[in-house]
Amino acid sequence: MKQARIVLGVSGGIAAYKSCELVRLLVKAGIAVDVVMTEAATRFVGPATFQALSGRPVWTDLWDARDAKSMAHIELTRGAMAVLVAPASADFMAKVACGLADDLLSTLVLARRADCPLLMAPAMNVEMWQQASTRRNMRTLAGDGVRLLGPGSGDQACGETGDGRMLEAVELLGHVQALAAPKVLEGRRVLITAGPTEEPIDPVRVITNTSSGKMGYAVAQAAADAGATVCLVSGPTALPTPAGVTRIDVKTAHQMFEAVKAQVAGAEVFIAVAAVADYHVKQYSEKKLKKDERHPGLTLELAQNPDILAWVASQPGAPFCVGFAAESHDLLQNAEAKRKRKGIPLLVANQAQDAFGRDDNEITLIDDTGRHALPRGSKSSLARLLIAHIAELLPPT
Ligand code: C5P
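Overview of the structure.

Definitions and limits used
- Residues numbered from 1 in each chain as written.
- Predicted model: local features only at pLDDT ≥ 70, side-chain atom pairs only at ≥ 80, totals over all residues.
- Heavy atoms only, no water.
- Phe/Tyr/Trp six-rings, centres within 6.5 Å; stacked < 30°, edge-to-face > 60°.
- Helix = DSSP H or I, 4+ residues; strand = E, 2+ residues; numbered from the N terminus.
- Buried < 20%, exposed > 50% of the residue type's maximum accessible area, 1.4 Å probe, protein only.
- Lys NZ or Arg CZ within 6 Å of the ring centre and 35° of its normal.
- Expected span 1.5 Å × (residues − 1).
- Arc of directions from axis to C-beta.

### Structural notes on the packing of aromatic side chains
So, point 1. For the structure shown, the criterion picks out one aromatic pair.
So, point 2. Pairing Phe257 with Trp311 gives two aromatic rings, centres 5.4 Å apart and planes at 85°, and the pair type is edge-to-face. Taken together, the residues span a long stretch of sequence, with Phe257 in helix α10 (residues 253–263) and Trp311 in helix α11 (residues 308–314) at a distance of 54 residues.
So, point 3. For Phe257, a relative accessible area of 9% puts it in the buried group.
So, point 4. A relative accessible area of 27% places Trp311 in the partly exposed class.
So, point 5. The ring of Trp129 has Arg135 lying over it, and the distance from NZ or CZ to the ring centre is 4.5 Å.

In structure tokens form, the structure reads like this:
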């Protein structure tokens, strides 16, 4: 098999030092890296550093005459799995959003073919990130099919704090590995629920839970990376839509149920990751509830919500159904009972207090053949393992 290769574009930003580590990790993962630097990038890290880490020549100049027979701005992306620009400065992204090509990196981005996706890991000061012009460029890039990875949030090199930090090298490695993921769900239709639901009490109050949606979104991304057509029905979250995924936003369990009913026809896999509220408030108050000094207590009467997963699993010709069980105690016994009760072939068990809101998780897959414990890992890496497991259990098309 030909070795996987990517083009790593480095534009001018202090986060360029993290890209050195990224090259090391990519090479270690067996992925060849051709580094292309802008002039500004070379002010932060020397080309020799990238050359030593990648073990390949580094490219900085559109007029480089090293290889007289080929043109670097054309040849480098041919056969490459992707172009990843990390760090992607505000200036470089503005350039790509406009289709400019005035140095080697911007020119090869413009000259790449459709089979070579462009990924960008923004890195800049928080004010630059929030500037209207940057926001507009981000929308343009996303609309053009560019995959934006991050940025993260936190302390910045300039001393300020906020959005704009480049993702860590290990996270970027995960995204590249995802691209290289085997297309085990090619041509399959997958429906996924994610996030919490919100059950209204009055116009401004809701009953909800602390689900962040991270696991469901990671599963949606992993399914899309595996070649599936993915529809994600999501409760309220603060997460960006995974690349290549169609997202339908809902709030209540009933809305989620209606959206699933509308989308389930033709789906071959249904993965219910959402933490659906078990109950809704029976008497929604059109008026905001007032504090009543005479009654120190308040009783809300609740009614049960439909069980979306059990409903899908009970339909004739149901898709392959996967459920999640978040339990605070007796995890595996409860999870096994839940799998039987819901009548589903695969259930993912996780400890509730471990799973909610965090970036990593520890899960056990339970199917007809028994329990399969997966080692603790990031939600994205676990999602990829889950998708691989589902693909093995799916009946052939
Ligand atoms: O019964 P429990 O809520 O613990 O089951 C969890 C699993 O069932 C999850 O996969 C969840 O998405 C799904 N579920 C559902 N509809 C509900 C409740 C749970 O689809 N109303």
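### Some details on helix α7 (residues 132–143)
So, point 1. Look at α7: 17 Å from first C-alpha to last across 12 residues, which is about the 16 Å you get at 1.5 Å a residue.
So, point 2. Regarding α7, the residues found buried are Thr134, Asn137, Met138 and Leu141. Looking down the long axis of α7, one finds its buried residues gathered within 105° of arc, a one-sided arrangement. Those residues of α7 that are exposed and angled more than 90 degrees off the buried face are Ala132, Arg139 and Gly143.
So, point 3. The first or second residue beyond α7 is Gly145, which carries a positive phi of 90°.

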